[in-house]
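Given next are the chains, with one letter for each unit.
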Protein chains: 2
Amino acid sequence: MAIITFQFKNGTHITAEAVVGANLLNLARDYNVAIDAPCSGNASCGKCRVQLMEGDLDSPRTLHISEEEYAQGWRLACVSKVCGDAKILVPDIAFAYMSRMKVADLSSGEEIAIFDQTVSDLKEAGIEFENDLRLIPVTMSEPTLDDTMPDNERLLWALEAATGVDDKKISMNFQVLKNLSQVMREGNYQVQCVTTTHGEGLRILNVLPGDTETKICGLAIDIGTTTVTGVLVDMQTGKILEKASSGNGQIRFGADVINRIIESNRPGGRKRLQKAILEETLNPMIARMCKAAGIPVGWIYRVCIAGNTTMNHLLMGVYADPVRTEPYIPTFFHTSAVKAGDLGLYAAPDARVIVAPNIGSYVGGDITAGTLASSVWTKETFSLFVDLGTNGELVFGNSDFLMSCACSAGPAFEGGDISCGMRATDGAIEACTIDKETMEPTFKIVGEPGQKPVGLCGSGIIDVICELFRCGIINAKGIFVREGKRVRHNIHGMGSYVLAYKEEAASVKDIEITEVDIDNFIRAKGAIFSAINIMVSSLDFDVSMIDDIYVAGGIGSGINMKNAVMIGMFPDVELSKFHYIGNSSLSGAYTMLLSNQAEAKVQELASGMTYMELSTNPFYMDEFVAACFLPHTNASLFPTVAEAMAE
Amino acid sequence: MAIITFQFKNGTHITAEAVVGANLLNLARDYNVAIDAPCSGNASCGKCRVQLMEGDLDSPRTLHISEEEYAQGWRLACVSKVCGDAKILVPDIAFAYMSRMKVADLSSGEEIAIFDQTVSDLKEAGIEFENDLRLIPVTMSEPTLDDTMPDNERLLWALEAATGVDDKKISMNFQVLKNLSQVMREGNYQVQCVTTTHGEGLRILNVLPGDTETKICGLAIDIGTTTVTGVLVDMQTGKILEKASSGNGQIRFGADVINRIIESNRPGGRKRLQKAILEETLNPMIARMCKAAGIPVGWIYRVCIAGNTTMNHLLMGVYADPVRTEPYIPTFFHTSAVKAGDLGLYAAPDARVIVAPNIGSYVGGDITAGTLASSVWTKETFSLFVDLGTNGELVFGNSDFLMSCACSAGPAFEGGDISCGMRATDGAIEACTIDKETMEPTFKIVGEPGQKPVGLCGSGIIDVICELFRCGIINAKGIFVREGKRVRHNIHGMGSYVLAYKEEAASVKDIEITEVDIDNFIRAKGAIFSAINIMVSSLDFDVSMIDDIYVAGGIGSGINMKNAVMIGMFPDVELSKFHYIGNSSLSGAYTMLLSNQAEAKVQELASGMTYMELSTNPFYMDEFVAACFLPHTNASLFPTVAEAMAE
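Remember, it's a predicted structure, so these values are computed and weren't measured experimentally. (Residues numbered from 1 in each chain as written. Chains lettered and ligands numbered in written order. Predicted model: local features only at pLDDT ≥ 70, side-chain atom pairs only at ≥ 80, totals over all residues.)

Right, let's talk about the domain arrangement of chain A for a bit. Along its sequence, chain A is carved into domain 1 (2-90), domain 2 (109-126 + 219-355), domain 3 (133-209), domain 4 (366-411 + 522-585 + 592-646) and domain 5 (419-508). One C-alpha centre belongs to domain 3 of chain A, the other to domain 4 of chain A, and the line joining them spans 50 Å. (Domains from an automatic or database assignment.)

Okay, structure coming up:
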């Protein structure tokens, strides 16, 4: 056995034992060392760089590592094999990601306002905020030698007396049975039952001593491919008790759903991916929220989860391979009656886990829940709902019809496929302006004041490309056409713009954006715009007829709508028609959690929603190619951009 | 850390690591070393003897260890603390018990005959042998880009077409969902569904590729306090595929239900006891049966368990303390809808686990299932059903009424409370005659031919006491009144009879039966007889009016009815009225497994059965004292015994 020490910049380290020949990336995964590997260890993305400090690794030099870097010890973890004791430096980008795993504070007024707005929009649309959880106080007579009825029957009789519901129609999970006798005696035969309706009867979810001060709580969770966010809710008042977010622990196994599915099909993969989301992401997050709120996890009696189709499959350990291969068939759209105890999710074992329904392999519960939260379905006017997550999903329609599609924009919006791209964690450039004269950039950087830049996140990339285009540094094809201090070309003639030199950055190399990056991003935004255009056109609409555009997604929070229009990502409509609605998947799940009618409405929206498969659309490729320009080959689609550029 | 080596006589050993101060019995339990401790480590029974071979133990000498034995290294494990490395010899009695943990062969013709007889009796009484498990072949169309219905909906539609059951009324557990896509593709969209009725609809328990040769199996289990037995059954033919028995792994934590409950209330105790029965007893037993039958455990779709009230509570991890303290209230009699997956029992996760209902704290599912299997409830004539397990339970009645009671006979019938007592494992004397002239004994011993005696099991004790009484060696009070080579008295004047000298036995000391043993046993048989007498008398019957006596229980298999009457354990009725019906708990569970009507009948019998609490009966103590003689203080109750003694 060899000893591998993973060293972090903050001075901490993790020691791992490995057999000779072990893959370094897998070893890191086993020991929960976060090394960014968006391509899931296929040696294609070059993100899993580590630096060998002592000892040796059996590791070839790849295209992603220069000879000089190789000499300095830089290696790709995914192609490195253990060949003896070694000390490995895990660089900052991974560390920044690790710090992102902590529960983040989402309790800003802005965040709360989005939830409140969603509830008030739905109420206006006629949705009642009622659920079927109840707290019922029950008093029983004490057993004696002449009255030896077993405890569960004694409780059911008393509950029948308290509620009028026939005791034959009241049931309880055997998990409740486990401590029933203790609770009844502790409460001196006065207890309180947490119940939910169950067919025509009642189901007892918990029994507590009569004098315990308790709460009926619920949990809404958005499982994003990249980020998981959740709120712990008081079900009686609707109040958000705690909020948390965390990286999706599955990210170690690939940045996008396709790589996750591939990983899930490797031996033991499904268990690994389920464990990563359940045991390593959701349960710690729930535990921390409950601890902060001062309640046991067993007081969570209803859970609502919104995630994309793949996330839903992997959460439940369901075989997902047909999702990624033609004809793209998921195992399920809708699943009923999953209990927290079935999954091992921290909550009352009998708590119902409501999973927002999928409507296709690439339009999942995050979109159906998000559609509820958006106002698309409530109005007669026509709205577009765009969710920019790791993938891009669109819903277009009104109160009469809804159509949806998904486009494989790729991971560019979250920093994948971009050489200095990263997720919106500490050190990410999230906004940027460039001085047209000096060509010098100014940044807004995620993290504490004074944080040095590490890379570019999605909203930053939009700004940088828009600014480079606006300043005439790149042309409509994304080619560098202006010389300057920060513009350089490599030996192959590929142009790039240096956002921050190594010395200015918290990185091991210069932070730059290259023509390849810009090309990747243009294809991503082209995918989004062409999807919008095709879907809207297929209904004989044109984009100018869209009344409102609701933009959602974690990625979108820092997005500059004007810049996004400028580069041709969104249709050129009045800026007042754009509404940023935050994490609509989470706010949708929150309303489904609180309201049975909202839950039913999502099912209704999902079954009524038409799914348009873009990959088989004969016009898609032409549209896509036409959209791969700044802003578009058809300039008439972007009149205000043309105007602005003319200035 | 100290290293403790547990050495067995067969040359094998188990090495354990322990902290200094650790209790030796607990250590042995942790490492699955079977040391007999019927009193659950209370230093009262003196059964957990071990011999210190090397090193040292911090262990006081107790009453159960002579000074000479102490010098030889004999210690009680339950009062011994680790104080450094040591080698401990675990004597034969424990090893004999360990060997009992293996799957035993129960496939004798006699055994099968008992199951067949039970089925034929129940059929005669009008019970139909039908259950609701079905194997349904289903053919689906292959998905295409134009037909992207998710797999679960595709299956439900096809199943509706195959069965006529509305697809909205067909459901499946998410465990079935997990591999559904794989199975559908493996079977080329031809599958077979294992279903059970579920309300007005169907529940899918498993889906297999269409061309897989499969079986629909079920499992019936009797969970005895001492021994667990089970049968694996083909649900379509009723054929018993495999049978197995095993010691109940909980025995490490106490021989009787009271000590188990006490242990279960110690920290972590409920988990420990549940694990001992589920993971250490049932699951290995099921795995071995399935392996022998060549089927995966997932082909078990229905499970029926019969056990006493405490066993049922501990199996489900339910708090059981109120069962043992006045007013003796169990948490449940009847429990519905427990799934194998909830318990972690080896079977299809959604397989229903039917638990035969309890009717009181001391009359449990073993008795209600056993009552079904006996013919008591089918006849107009009056029958008595006696189950001699670790406790004694009685049911008396006919087709119009049933009354039951339990008596705390104590563990004497299984060798507890008897100095050389043991369970009916290898080396147990199970039958005995004594020559009236020479006073020399002749034995029948459990085990291979040539097996030397280790101790006395229940049926052997009955024989020995009966023979000592018949030969005039002891009087009606169990006092030694005749001198002889094998009769001796200790310094306190206590008499005993040496069944086998150390040299003749596979034991570390002489095998003898003492006046204290005989007194303990007389109190046990007195409890049984007085319970019978009180229950029958309370209905204005007398014991001579009993038409049939059905004797059941593992303990009873070797029982000599004539001797049992002779010592006043059973009423003095014609020997032809006695019927040994074997393990009626298991045969009852077997019928409940195969037949929905049998399952319903047990529920009906249970709810109609009156429970008589003996501990509060004002006559019980007098009756009990009167029965504590051989055969009874009222000789007129045993006319044939009086006759025989007169000879």
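Moving on to the interface of chain B and chain A. In this complex, chain B contributes 36 residues to the contact, which on the side of chain A involves 36 residues. Where the side of chain B that touches chain A is concerned, the elements lending two or more residues are helix 5 (151-163) and helix 6 (174-186) of chain B. Ranked by residues supplied to the side of chain B that touches chain A, first place goes to helix 6 of chain B with seven residues. Split into classes, the residues belonging to the side of chain B that touches chain A amount to 17 nonpolar, 13 polar and six charged. (Contact = placed C-beta atoms within 7 Å. Helix = DSSP H or I, 4+ residues; strand = E, 2+ residues; numbered from the N terminus. Nonpolar A, V, L, I, M, F, W, Y, C, P; charged D, E, K, R; others polar.)

Residues V303(A), A589(A), V303(B) and A589(B) are the most contacted members of the largest nonpolar core, which totals 358 residues. Ignoring sequence-local partners within four residues, the contact set of V303(A) consists of G218(A), L219(A), A340(A), L345(A), A347(A), A351(A), V353(A) and I354(A). (Core = buried A, V, L, I, M, F, W, Y, C linked by C-beta atoms within 7 Å. Buried ≥ 20, exposed ≤ 12 C-beta atoms within 10 Å, placed from the backbone.)

Residues and elements named next belong to chain B. Spatially, the six strands line up as an open sheet ordered 12-11-10-13-15-14, and their pairing is mixed. The open sheet has two edge strands, strand 12 (240-247) and strand 14 (338-339), and neither has a second partner. Where strand 10 (residues 217-223) and strand 11 (residues 227-234) come together, seven bridges link them in antiparallel fashion. Directly across from L219, in strand 11, lies its bridge partner L232. Contacting strand 10, strand 13 (300-307) and strand 15 (352-355), helix 12 (residues 365-373) runs over the sheet at an angle of about 105° to strand 13. (Pairing = 2+ DSSP bridges. Axes fitted to C-alpha atoms, helices over the stretch in contact; angles between N-to-C directions.)

With that out of the way, let us pick up the packing of helix 12 of chain B against helix 17 (residues 596-608) of chain B. All names here are of chain B. Contact geometry of helix 12 with helix 17 gives a least axis separation of 9 Å together with a crossing angle of 115°. Compared by their axis directions, helix 12 and helix 17 come out roughly perpendicular. Helix 17 is crossed by helix 12, and the crossing has right-handed handedness. Contact residues: T368, A369, T371 and L372 in helix 12; A598, K601, V602, L605 and A606 in helix 17. Of the residues in the contact of helix 12 with helix 17, the class split is six nonpolar, two polar and one charged. (Parallel < 35°, antiparallel > 145°, perpendicular 65-115°, else oblique. Left-handed = near helix turned anticlockwise from the far one by under 90°.)

All names here are of chain B. Tracing the sequence through the fold places L586 in helix 16 (residues 584-594). Along the backbone, L586 and F332 are 254 residues apart, and their C-alpha atoms lie at a distance of 21 Å. Setting aside residues up to four positions removed in sequence, L586 forms contacts with A220, D222, T229, V231 and A306.

Let's shift gears to the packing of helix 12 (residues 365-373) of chain A against helix 16 (residues 584-594) of chain A. All names here are of chain A. Between helix 12 and helix 16, whose axes approach to 7 Å, the crossing angle comes to 75°. As far as their axial angle goes, helix 16 and helix 12 are roughly perpendicular. Contact residues: helix 12 offers D366, A369, G370, L372 and A373, while helix 16 offers S584, S585, S587, G588, A589, T591 and M592.

In sheet architecture, strand pairing relies on hydrogen bonds along the backbone and comes in two forms, parallel and antiparallel. Residues and elements named next belong to chain B. A sheet is described by the order of its strands in space; here four strands give the open sequence 6-8-9-7, paired in mixed fashion. The open sheet has two edge strands, strand 6 (133-139) and strand 7 (170-172), and neither has a second partner. Strand-to-strand twist of the sheet, defined as the mean angle between neighbouring strand axes without regard to direction, takes the value 40°. Sheet topology note: the strand 7/strand 9 (residues 201-209) ladder contains three bridges and is parallel. From the neighbouring strand, M172 faces strand 9, where its bridge partner is I204. Contacting strand 6, strand 7, strand 8 (190-198) and strand 9, helix 5 runs over the sheet at an angle of about 110° to strand 6. Along the sheet face, helix 6 touches strand 7, strand 8 and strand 9 and points at about 50° away from the line of strand 9.

Residues separated by three or four positions in an α-helix point in the same direction, a consequence of the helix having 3.6 residues per turn. Residue and element names in this part refer to chain B. Between its first and last C-alpha, helix 13 (residues 458-470) extends 18 Å over 13 residues, near the 18 Å set by a 1.5 Å rise per residue. The element helix 13 is largely enclosed, with a buried count of 13 among its 13 residues. The positive-phi residue at the C-terminal boundary of helix 13 is G472, with phi of around 70°. (Expected span 1.5 Å × (residues − 1).)

The next point concerns the relation of the copies chain B and chain A. The second copy of the chain is related to the first by a rotation about an axis and a shift along the axis. Each copy of the sequence occupies a distinct position, and chain B is placed on chain A by a rotation of 180° and an axial shift of 0.0 Å, giving an RMSD of 0.1 Å. When the rotation and shift are considered jointly, the pair of chain copies conforms to a two-fold rotation axis. Across chain B, the rotation axis passes nearest the C-alpha of D342(B), at a separation of 3.8 Å. Comparing interface residues between copies, 100% of those in chain B also sit at the interface in chain A, which points to an isologous, same-surface contact. (Least-squares fit on C-alpha atoms with pLDDT ≥ 70 in both.)

What follows concerns the pairing of strand 18 (residues 402-407) of chain B. All names here are of chain B. The element strand 18 is largely enclosed, with a buried count of five among its six residues. Here strand 17 (residues 392-397) hands over to strand 18 after four residues, the two strands then running antiparallel side by side. Looking at chain direction, strand 18 and strand 27 (residues 610-611) are connected through two bridges and run parallel. Within strand 27, the position partnered with S404 by the bridge is Y611.

For helix 16 of chain A, the tally of buried residues reaches 11 of 11 residues, placing the bulk of the element in the interior. Taken as a whole, helix 16 of chain A has its buried residues at S584(A), S585(A), L586(A), S587(A), G588(A), A589(A), Y590(A), T591(A), M592(A), L593(A) and L594(A).

The next point concerns the environment of G294(B). All names here are of chain B. Here G294 lies in the loop between helix 8 (269-293) and strand 13. The exposed category is assigned to G294, around which 9 C-beta atoms lie within 10 Å. Expressed as a C-alpha distance, the spacing of G294 and L241, which sit 53 residues apart in the sequence, is 9.9 Å.

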